[in-house]
Amino acid sequence: MDFEPSEEQRAIQSLARDFAADQMAPHAAEWDAGKIFPVEMLRAAASLGLAAIYTSDEHGGSGLGRIEAALVFEELSTACASTAAYLSIHNMACWMIDRFGDAALRAKLLPDMTAMAKFASYCLTEPGSGSDAASLRTRAERRGDTYVLNGTKAFISGAGASDVYIVMARTGGAGPKGISAIAVEKGSKGLSFGKQENKLGWNSQPTAMVILEDCEVPVANRLGAEGEGFKIAMQGLDGGRVNIAACSIGAARASMEAARDHLKTRQQFGKKLAEFQALQFRLADMATSLDAARLLVHRAAAALDAKSADASYQCAMAKRFATDAGFAVCDEALQLFGGYGYLKDYPVERHLRDARVHRILEGTNEIMRVLMARKLLGD
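First, a word on what this report is: a plain description of the structure on this page. (Residues numbered from 1 in each chain as written. Predicted model: local features only at pLDDT ≥ 70, side-chain atom pairs only at ≥ 80, totals over all residues. Heavy atoms only, no water.)

## Description of helix α9 (residues 348–356)
Working step 1: Burial analysis of α9 places eight of its nine residues in the buried class, which makes it a mostly covered element.
Working step 2: Along α9, the positions that sit buried rather than exposed are Val 348, Glu 349, Arg 350, His 351, Leu 352, Arg 353, Asp 354 and Ala 355.
Working step 3: On its buried face, α9 is in contact with α2 (28–34), α4 (66–100), α6 (229–265) and α8 (311–337). (Buried < 20%, exposed > 50% of the residue type's maximum accessible area, 1.4 Å probe, protein only. Helix = DSSP H or I, 4+ residues; strand = E, 2+ residues; numbered from the N terminus. Contact = heavy atoms within 4.5 Å.)

Encoded structure:
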(Lines give C-alpha, C1' and ligand atoms only; values in the text may rest on other atoms or scores of the structure.)
Protein backbone atom coordinates (compact mmCIF):
# COMPACT_ATOMS: atom_id res chain seq x y z
CA MET A 1 0.00 0.00 0.00
CA ASP A 2 1.64 3.19 -1.23
CA PHE A 3 -0.17 6.53 -1.26
CA GLU A 4 2.58 8.38 -3.11
CA PRO A 5 2.86 8.53 -6.92
CA SER A 6 5.98 7.04 -8.46
CA GLU A 7 8.53 9.28 -10.17
CA GLU A 8 7.08 8.31 -13.54
CA GLN A 9 3.57 9.13 -12.37
CA ARG A 10 4.73 12.50 -11.04
CA ALA A 11 6.30 13.25 -14.42
CA ILE A 12 3.03 12.36 -16.21
CA GLN A 13 1.08 14.48 -13.74
CA SER A 14 3.45 17.41 -14.27
CA LEU A 15 3.19 17.09 -18.04
CA ALA A 16 -0.62 17.19 -17.86
CA ARG A 17 -0.55 20.11 -15.40
CA ASP A 18 1.72 22.16 -17.64
CA PHE A 19 -0.34 21.34 -20.73
CA ALA A 20 -3.54 22.39 -18.94
CA ALA A 21 -2.00 25.68 -17.81
CA ASP A 22 -0.44 26.54 -21.15
CA GLN A 23 -2.81 25.12 -23.76
CA MET A 24 -6.23 24.94 -22.07
CA ALA A 25 -6.71 27.46 -19.26
CA PRO A 26 -6.10 30.59 -21.39
CA HIS A 27 -8.81 29.52 -23.86
CA ALA A 28 -11.37 27.61 -21.76
CA ALA A 29 -13.74 30.55 -21.19
CA GLU A 30 -13.72 31.31 -24.93
CA TRP A 31 -14.46 27.69 -25.81
CA ASP A 32 -17.35 27.71 -23.33
CA ALA A 33 -18.85 31.01 -24.50
CA GLY A 34 -18.45 30.27 -28.21
CA LYS A 35 -19.26 26.55 -28.01
CA ILE A 36 -15.94 25.84 -29.70
CA PHE A 37 -14.68 22.27 -30.06
CA PRO A 38 -10.89 22.72 -29.74
CA VAL A 39 -9.75 20.20 -32.34
CA GLU A 40 -6.15 21.38 -32.64
CA MET A 41 -5.68 21.48 -28.88
CA LEU A 42 -6.98 17.90 -28.63
CA ARG A 43 -4.54 16.79 -31.31
CA ALA A 44 -1.75 18.51 -29.39
CA ALA A 45 -2.81 16.48 -26.34
CA ALA A 46 -2.70 13.34 -28.49
CA SER A 47 0.87 14.16 -29.52
CA LEU A 48 1.77 13.83 -25.82
CA GLY A 49 0.08 10.42 -25.60
CA LEU A 50 -3.09 11.63 -23.85
CA ALA A 51 -5.61 10.34 -26.42
CA ALA A 52 -5.05 6.66 -25.63
CA ILE A 53 -3.52 6.59 -22.17
CA TYR A 54 -4.40 3.00 -21.25
CA THR A 55 -4.51 1.63 -24.79
CA SER A 56 -1.62 -0.69 -25.66
CA ASP A 57 1.30 0.65 -27.65
CA GLU A 58 0.66 -1.71 -30.58
CA HIS A 59 -0.96 1.06 -32.63
CA GLY A 60 0.19 4.21 -30.87
CA GLY A 61 -1.35 3.97 -27.40
CA SER A 62 0.60 5.01 -24.34
CA GLY A 63 0.28 1.63 -22.61
CA LEU A 64 -0.12 3.19 -19.17
CA GLY A 65 -2.54 2.36 -16.36
CA ARG A 66 -5.78 3.72 -14.95
CA ILE A 67 -4.05 5.59 -12.12
CA GLU A 68 -1.98 7.51 -14.66
CA ALA A 69 -5.21 8.32 -16.51
CA ALA A 70 -6.84 9.57 -13.30
CA LEU A 71 -3.86 11.82 -12.62
CA VAL A 72 -4.03 13.22 -16.15
CA PHE A 73 -7.79 13.89 -16.15
CA GLU A 74 -7.67 15.62 -12.78
CA GLU A 75 -4.97 17.99 -14.03
CA LEU A 76 -6.64 18.72 -17.36
CA SER A 77 -9.95 19.41 -15.63
CA THR A 78 -8.46 22.15 -13.48
CA ALA A 79 -8.43 24.12 -16.75
CA CYS A 80 -11.49 22.78 -18.59
CA ALA A 81 -13.49 19.79 -17.36
CA SER A 82 -15.66 19.83 -20.48
CA THR A 83 -12.74 19.27 -22.85
CA ALA A 84 -11.04 16.81 -20.50
CA ALA A 85 -14.26 14.80 -20.33
CA TYR A 86 -14.43 14.49 -24.12
CA LEU A 87 -10.83 13.28 -24.08
CA SER A 88 -11.89 10.70 -21.48
CA ILE A 89 -14.63 9.41 -23.79
CA HIS A 90 -12.16 9.17 -26.67
CA ASN A 91 -9.77 7.21 -24.41
CA MET A 92 -12.60 4.85 -23.51
CA ALA A 93 -13.43 4.20 -27.16
CA CYS A 94 -9.77 3.57 -28.02
CA TRP A 95 -9.48 1.07 -25.18
CA MET A 96 -12.66 -0.77 -26.20
CA ILE A 97 -11.36 -1.28 -29.75
CA ASP A 98 -7.91 -2.24 -28.47
CA ARG A 99 -9.32 -4.70 -25.95
CA PHE A 100 -12.17 -6.27 -27.93
CA GLY A 101 -11.53 -5.56 -31.62
CA ASP A 102 -9.75 -8.15 -33.73
CA ALA A 103 -6.31 -7.51 -35.23
CA ALA A 104 -7.71 -6.16 -38.50
CA LEU A 105 -10.07 -3.71 -36.78
CA ARG A 106 -7.35 -2.51 -34.44
CA ALA A 107 -5.00 -1.89 -37.35
CA LYS A 108 -7.74 -0.15 -39.32
CA LEU A 109 -8.95 2.30 -36.67
CA LEU A 110 -6.45 2.75 -33.85
CA PRO A 111 -3.50 4.48 -35.58
CA ASP A 112 -5.69 7.46 -36.52
CA MET A 113 -7.58 7.39 -33.22
CA THR A 114 -4.51 7.35 -30.97
CA ALA A 115 -3.19 10.38 -32.90
CA MET A 116 -6.66 11.99 -32.89
CA ALA A 117 -6.56 12.27 -36.65
CA LYS A 118 -9.95 10.67 -36.05
CA PHE A 119 -12.20 11.37 -33.07
CA ALA A 120 -14.43 8.82 -31.33
CA SER A 121 -17.76 8.69 -29.52
CA TYR A 122 -19.51 6.16 -27.28
CA CYS A 123 -23.15 5.45 -28.13
CA LEU A 124 -25.24 3.61 -25.54
CA THR A 125 -28.00 5.96 -24.36
CA GLU A 126 -31.23 6.27 -26.36
CA PRO A 127 -34.27 8.56 -26.06
CA GLY A 128 -36.18 5.72 -24.35
CA SER A 129 -33.36 3.97 -22.49
CA GLY A 130 -31.09 5.86 -20.13
CA SER A 131 -30.51 4.18 -16.79
CA ASP A 132 -32.25 1.06 -18.15
CA ALA A 133 -29.55 0.71 -20.78
CA ALA A 134 -30.20 -2.99 -21.45
CA SER A 135 -33.64 -2.12 -22.86
CA LEU A 136 -32.09 -0.27 -25.83
CA ARG A 137 -33.98 -0.63 -29.12
CA THR A 138 -31.40 0.19 -31.78
CA ARG A 139 -31.22 -2.94 -33.94
CA ALA A 140 -28.48 -4.37 -36.13
CA GLU A 141 -29.73 -6.91 -38.65
CA ARG A 142 -27.09 -9.08 -40.28
CA ARG A 143 -27.23 -9.42 -44.05
CA GLY A 144 -24.25 -11.44 -45.18
CA ASP A 145 -21.07 -9.56 -44.32
CA THR A 146 -22.99 -6.38 -43.44
CA TYR A 147 -25.03 -5.14 -40.49
CA VAL A 148 -27.94 -2.84 -41.22
CA LEU A 149 -28.56 -0.62 -38.19
CA ASN A 150 -31.73 1.27 -37.33
CA GLY A 151 -32.25 3.39 -34.24
CA THR A 152 -31.34 6.59 -32.47
CA LYS A 153 -28.75 7.34 -29.81
CA ALA A 154 -29.17 10.37 -27.53
CA PHE A 155 -26.83 12.78 -25.70
CA ILE A 156 -23.79 11.62 -27.66
CA SER A 157 -20.64 13.61 -26.95
CA GLY A 158 -18.81 14.39 -30.17
CA ALA A 159 -21.83 13.62 -32.38
CA GLY A 160 -21.29 15.12 -35.81
CA ALA A 161 -17.63 15.88 -35.14
CA SER A 162 -16.40 12.37 -34.35
CA ASP A 163 -15.26 9.92 -37.00
CA VAL A 164 -15.87 6.63 -35.16
CA TYR A 165 -19.00 5.76 -33.15
CA ILE A 166 -19.00 2.72 -30.84
CA VAL A 167 -22.68 1.79 -31.11
CA MET A 168 -24.42 -0.72 -28.86
CA ALA A 169 -27.17 -2.36 -30.92
CA ARG A 170 -29.48 -5.32 -30.56
CA THR A 171 -28.47 -8.30 -32.68
CA GLY A 172 -30.43 -10.85 -30.66
CA GLY A 173 -33.33 -11.05 -28.26
CA ALA A 174 -34.37 -8.85 -25.35
CA GLY A 175 -32.06 -8.07 -22.48
CA PRO A 176 -28.33 -7.50 -22.17
CA LYS A 177 -27.28 -10.76 -23.88
CA GLY A 178 -28.90 -9.64 -27.14
CA ILE A 179 -26.65 -6.59 -27.54
CA SER A 180 -23.50 -6.26 -29.67
CA ALA A 181 -20.94 -3.46 -29.99
CA ILE A 182 -20.23 -2.15 -33.49
CA ALA A 183 -17.86 0.57 -34.71
CA VAL A 184 -19.73 2.82 -37.13
CA GLU A 185 -17.52 5.07 -39.22
CA LYS A 186 -18.45 8.59 -40.28
CA GLY A 187 -19.61 8.62 -43.87
CA SER A 188 -21.41 5.28 -43.56
CA LYS A 189 -24.58 5.15 -45.61
CA GLY A 190 -27.58 5.92 -43.38
CA LEU A 191 -25.65 7.69 -40.59
CA SER A 192 -26.81 11.21 -39.70
CA PHE A 193 -27.01 13.52 -36.71
CA GLY A 194 -29.62 15.59 -34.90
CA LYS A 195 -29.36 19.24 -33.95
CA GLN A 196 -26.72 20.31 -31.47
CA GLU A 197 -28.12 20.35 -27.94
CA ASN A 198 -28.19 23.64 -26.01
CA LYS A 199 -26.65 22.69 -22.66
CA LEU A 200 -25.98 24.11 -19.21
CA GLY A 201 -22.31 23.17 -19.46
CA TRP A 202 -19.90 20.99 -21.44
CA ASN A 203 -20.04 23.64 -24.16
CA SER A 204 -16.58 22.90 -25.58
CA GLN A 205 -17.80 19.58 -26.96
CA PRO A 206 -20.68 18.96 -29.36
CA THR A 207 -23.63 16.88 -28.18
CA ALA A 208 -26.39 15.57 -30.46
CA MET A 209 -28.41 12.52 -31.42
CA VAL A 210 -26.83 9.88 -33.64
CA ILE A 211 -29.41 8.64 -36.14
CA LEU A 212 -29.08 5.29 -37.89
CA GLU A 213 -31.45 4.69 -40.80
CA ASP A 214 -30.66 1.50 -42.72
CA CYS A 215 -27.04 2.28 -41.83
CA GLU A 216 -24.71 -0.24 -43.44
CA VAL A 217 -21.63 -1.33 -41.50
CA PRO A 218 -19.25 -4.26 -42.15
CA VAL A 219 -19.64 -7.19 -39.76
CA ALA A 220 -15.85 -6.92 -39.40
CA ASN A 221 -16.43 -3.70 -37.41
CA ARG A 222 -17.99 -5.62 -34.53
CA LEU A 223 -16.14 -5.66 -31.20
CA GLY A 224 -16.08 -9.11 -29.65
CA ALA A 225 -18.70 -11.74 -30.43
CA GLU A 226 -22.40 -11.16 -31.01
CA GLY A 227 -24.16 -10.78 -27.68
CA GLU A 228 -21.10 -9.46 -25.84
CA GLY A 229 -21.79 -5.79 -26.48
CA PHE A 230 -23.43 -4.96 -23.16
CA LYS A 231 -20.59 -6.56 -21.22
CA ILE A 232 -18.10 -4.62 -23.35
CA ALA A 233 -20.04 -1.39 -22.80
CA MET A 234 -20.07 -1.90 -19.04
CA GLN A 235 -16.35 -2.62 -18.92
CA GLY A 236 -15.75 0.56 -20.87
CA LEU A 237 -17.90 2.46 -18.39
CA ASP A 238 -15.90 1.20 -15.40
CA GLY A 239 -12.94 3.15 -16.73
CA GLY A 240 -15.14 6.04 -17.79
CA ARG A 241 -16.48 6.34 -14.24
CA VAL A 242 -13.00 6.61 -12.79
CA ASN A 243 -12.08 9.20 -15.41
CA ILE A 244 -15.15 11.37 -14.92
CA ALA A 245 -14.68 11.19 -11.15
CA ALA A 246 -11.14 12.50 -11.65
CA CYS A 247 -12.54 15.27 -13.86
CA SER A 248 -14.85 16.29 -11.01
CA ILE A 249 -11.95 16.43 -8.60
CA GLY A 250 -9.96 18.61 -11.01
CA ALA A 251 -12.75 21.13 -11.53
CA ALA A 252 -13.44 21.24 -7.79
CA ARG A 253 -9.77 21.60 -6.90
CA ALA A 254 -9.42 24.58 -9.22
CA SER A 255 -12.56 26.12 -7.70
CA MET A 256 -11.33 25.56 -4.15
CA GLU A 257 -7.93 27.06 -4.91
CA ALA A 258 -9.56 30.10 -6.51
CA ALA A 259 -11.79 30.51 -3.44
CA ARG A 260 -8.78 30.16 -1.12
CA ASP A 261 -6.95 32.94 -2.98
CA HIS A 262 -10.08 35.09 -2.82
CA LEU A 263 -10.33 34.61 0.96
CA LYS A 264 -6.74 35.73 1.34
CA THR A 265 -7.30 39.03 -0.49
CA ARG A 266 -10.95 40.02 0.03
CA GLN A 267 -11.65 42.16 3.14
CA GLN A 268 -14.91 42.64 5.00
CA PHE A 269 -15.57 44.03 8.48
CA GLY A 270 -12.00 45.28 8.66
CA LYS A 271 -10.15 42.01 8.08
CA LYS A 272 -9.47 39.46 5.39
CA LEU A 273 -12.05 36.74 4.87
CA ALA A 274 -9.36 34.14 5.54
CA GLU A 275 -9.21 35.36 9.15
CA PHE A 276 -12.82 34.30 9.86
CA GLN A 277 -12.76 30.88 11.50
CA ALA A 278 -16.11 29.87 10.04
CA LEU A 279 -14.68 30.30 6.52
CA GLN A 280 -11.47 28.50 7.50
CA PHE A 281 -13.57 25.51 8.58
CA ARG A 282 -15.45 25.51 5.28
CA LEU A 283 -12.21 25.51 3.32
CA ALA A 284 -10.89 22.65 5.47
CA ASP A 285 -14.03 20.62 4.82
CA MET A 286 -13.70 21.21 1.06
CA ALA A 287 -10.11 19.97 1.11
CA THR A 288 -11.12 16.91 3.14
CA SER A 289 -13.90 15.98 0.70
CA LEU A 290 -11.57 16.23 -2.27
CA ASP A 291 -8.83 14.19 -0.63
CA ALA A 292 -11.30 11.47 0.31
CA ALA A 293 -12.67 11.48 -3.25
CA ARG A 294 -9.18 11.25 -4.72
CA LEU A 295 -8.30 8.25 -2.52
CA LEU A 296 -11.45 6.44 -3.65
CA VAL A 297 -10.72 7.22 -7.30
CA HIS A 298 -7.14 6.01 -7.10
CA ARG A 299 -8.22 2.84 -5.29
CA ALA A 300 -10.78 2.15 -8.03
CA ALA A 301 -8.17 2.81 -10.71
CA ALA A 302 -5.79 0.38 -8.99
CA ALA A 303 -8.58 -2.22 -8.85
CA LEU A 304 -9.08 -1.91 -12.60
CA ASP A 305 -5.37 -2.27 -13.27
CA ALA A 306 -5.26 -5.33 -11.02
CA LYS A 307 -8.39 -6.79 -12.67
CA SER A 308 -9.85 -7.12 -9.20
CA ALA A 309 -13.13 -9.02 -8.85
CA ASP A 310 -14.74 -6.03 -7.13
CA ALA A 311 -13.42 -3.39 -9.55
CA SER A 312 -16.89 -2.45 -10.81
CA TYR A 313 -18.05 -1.94 -7.23
CA GLN A 314 -15.03 0.25 -6.47
CA CYS A 315 -15.60 2.28 -9.66
CA ALA A 316 -19.27 2.85 -8.82
CA MET A 317 -18.40 3.97 -5.29
CA ALA A 318 -15.66 6.32 -6.48
CA LYS A 319 -17.84 7.81 -9.19
CA ARG A 320 -20.78 8.37 -6.83
CA PHE A 321 -18.73 9.99 -4.10
CA ALA A 322 -16.30 12.03 -6.20
CA THR A 323 -18.88 13.54 -8.55
CA ASP A 324 -21.20 14.49 -5.68
CA ALA A 325 -18.30 15.87 -3.65
CA GLY A 326 -16.82 17.67 -6.63
CA PHE A 327 -20.02 19.49 -7.43
CA ALA A 328 -20.57 20.37 -3.77
CA VAL A 329 -17.07 21.86 -3.54
CA CYS A 330 -17.63 23.91 -6.71
CA ASP A 331 -20.88 25.20 -5.24
CA GLU A 332 -19.22 26.03 -1.92
CA ALA A 333 -16.39 27.81 -3.72
CA LEU A 334 -18.89 29.93 -5.60
CA GLN A 335 -20.57 30.80 -2.30
CA LEU A 336 -17.27 31.90 -0.80
CA PHE A 337 -16.78 34.23 -3.76
CA GLY A 338 -20.13 35.87 -3.07
CA GLY A 339 -21.58 37.79 -5.99
CA TYR A 340 -18.27 37.66 -7.86
CA GLY A 341 -18.55 33.89 -8.11
CA TYR A 342 -21.73 34.28 -10.14
CA LEU A 343 -19.93 36.30 -12.80
CA LYS A 344 -18.33 34.79 -15.87
CA ASP A 345 -15.29 36.96 -15.21
CA TYR A 346 -14.22 34.18 -12.84
CA PRO A 347 -13.90 30.45 -13.71
CA VAL A 348 -15.81 29.05 -10.74
CA GLU A 349 -19.27 29.28 -12.31
CA ARG A 350 -17.98 27.46 -15.42
CA HIS A 351 -16.48 24.69 -13.31
CA LEU A 352 -19.79 24.35 -11.47
CA ARG A 353 -21.80 24.14 -14.71
CA ASP A 354 -19.41 21.61 -16.23
CA ALA A 355 -19.26 19.43 -13.11
CA ARG A 356 -23.03 19.19 -12.69
CA VAL A 357 -23.54 16.64 -15.47
CA HIS A 358 -20.93 14.30 -14.01
CA ARG A 359 -23.56 13.16 -11.50
CA ILE A 360 -25.77 12.03 -14.42
CA LEU A 361 -23.56 10.55 -17.13
CA GLU A 362 -21.52 7.33 -17.10
CA GLY A 363 -24.43 5.98 -15.05
CA THR A 364 -26.37 8.27 -12.73
CA ASN A 365 -25.33 8.40 -9.11
CA GLU A 366 -28.61 6.71 -8.24
CA ILE A 367 -27.62 3.78 -10.45
CA MET A 368 -24.20 3.75 -8.78
CA ARG A 369 -26.01 3.19 -5.48
CA VAL A 370 -28.02 0.36 -7.07
CA LEU A 371 -24.81 -1.33 -8.25
CA MET A 372 -23.20 -0.98 -4.85
CA ALA A 373 -26.29 -2.28 -3.03
CA ARG A 374 -26.39 -5.38 -5.25
CA LYS A 375 -22.81 -6.16 -4.31
CA LEU A 376 -23.40 -5.50 -0.63
CA LEU A 377 -26.52 -7.67 -0.55
CA GLY A 378 -24.93 -10.47 -2.55
CA ASP A 379 -27.28 -10.25 -5.53
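Having put the structure on the table, let's press on.
## A closer look at the pattern of salt bridges
Working step 1: In total, this model carries 22 salt bridges according to the counting rule given.
Working step 2: For Glu 40, the salt bridge is made with Arg 43, and the minimal N-O distance between the two is 3.6 Å. One end of the pair is Glu 40 and the other is Arg 43, both in helix α3 (residues 39–47) and three residues apart, which spans about a single turn.
Working step 3: Glu 216 is the partner of Lys 189 in a salt bridge, and the nearest nitrogen-oxygen pair spans 3.8 Å. Placement of Lys 189 in the loop between β5 (179–185) and β6 (191–193) and of Glu 216 in strand β7 (residues 207–218) is noted, with a sequence separation of 27 residues between them. (Salt bridge = Lys/Arg side-chain N within 4 Å of Asp/Glu carboxyl O.)

## Some thoughts on the packing of aromatic side chains
Working step 1: Taken as a whole, this structure holds seven aromatic pairs when the rule is applied.
Working step 2: Measuring from centroid to centroid gives 5.4 Å for Tyr 165 and Phe 193, while their planes differ by 40°, and the two rings are tilted. One end of the pair, Tyr 165, is in strand β4 (residues 164–170); the other, Phe 193, is in strand β6, and 28 residues separate them in sequence.
Working step 3: Pairing Tyr 340 with Tyr 346 gives two aromatic rings, centres 6.0 Å apart and planes at 75°, and the pair type is edge-to-face.
Working step 4: The class of Tyr 346 is partly exposed, set by a relative accessible area of 31%.
Working step 5: Above the face of the Tyr 54 ring, Arg 66 is positioned so that its terminal group lies 3.9 Å from the ring centre.
Working step 6: Looking at Lys 271, its charged tip hangs above the ring of Phe 276, at a distance of 4.6 Å from the centre. (Phe/Tyr/Trp six-rings, centres within 6.5 Å; stacked < 30°, edge-to-face > 60°. Lys NZ or Arg CZ within 6 Å of the ring centre and 35° of its normal.)

## Overview of the nonpolar core
Working step 1: Membership of the largest hydrophobic core comes to 78 residues, with the highest contact counts inside it found for Leu 76 and Leu 223.
Working step 2: At 19 residues, α4 tops the list of elements feeding residues into this core.
Working step 3: Judged by nonpolar contacts, the second largest core, of 22 residues, contains Ala 81, Ala 258, Ala 259 and Val 348. (Core = buried A, V, L, I, M, F, W, Y, C linked by side-chain atoms within 4.5 Å.)

## Some remarks on α8
Working step 1: For α8, spanning 27 residues, the distance from its first C-alpha to its last is 38 Å, which sits close to the expected 39 Å at 1.5 Å a residue.
Working step 2: Burial runs high along α8: 19 of the 27 residues are buried.
Working step 3: Looking at the residues trailing α8, positive phi occurs at Gly 338, about 65°. (Expected span 1.5 Å × (residues − 1).)

## As for the environment of Ile 156
Working step 1: Along the chain, Ile 156 falls in strand β3 (residues 146–157).
Working step 2: Each C-alpha atom of the pair Ile 156 and Phe 193 lies 9.8 Å from the other, and the pair is 37 residues apart in sequence.
Working step 3: Those residues in contact with Ile 156 that sit more than four places away from it in its chain are Ser 121, Tyr 122, Cys 123, Leu 124, Thr 125, Pro 206, Thr 207, Ala 208 and Val 210.

## Points about the packing of α4 against helix α5 (residues 103–114)
Working step 1: Closest axis-to-axis distance for the α4/α5 pair is 10 Å, and the angle between their directions is 160°. Considered as vectors, α4 and α5 are oriented roughly antiparallel to each other. Here the hand of the crossing between α4 and α5 comes out left-handed. Taken together, the residues of α5 that come into contact with α4 (itself represented by His 90, Ala 93, Cys 94, Ile 97 and Asp 98) are Leu 105, Arg 106, Leu 109, Leu 110, Met 113 and Thr 114.
Working step 2: Among the residues making up the contact of α4 with α5, the classes are represented as seven nonpolar, two polar and two charged. (Axes fitted to C-alpha atoms, helices over the stretch in contact; angles between N-to-C directions. Parallel < 35°, antiparallel > 145°, perpendicular 65-115°, else oblique. Left-handed = near helix turned anticlockwise from the far one by under 90°. Nonpolar A, V, L, I, M, F, W, Y, C, P; charged D, E, K, R; others polar.)

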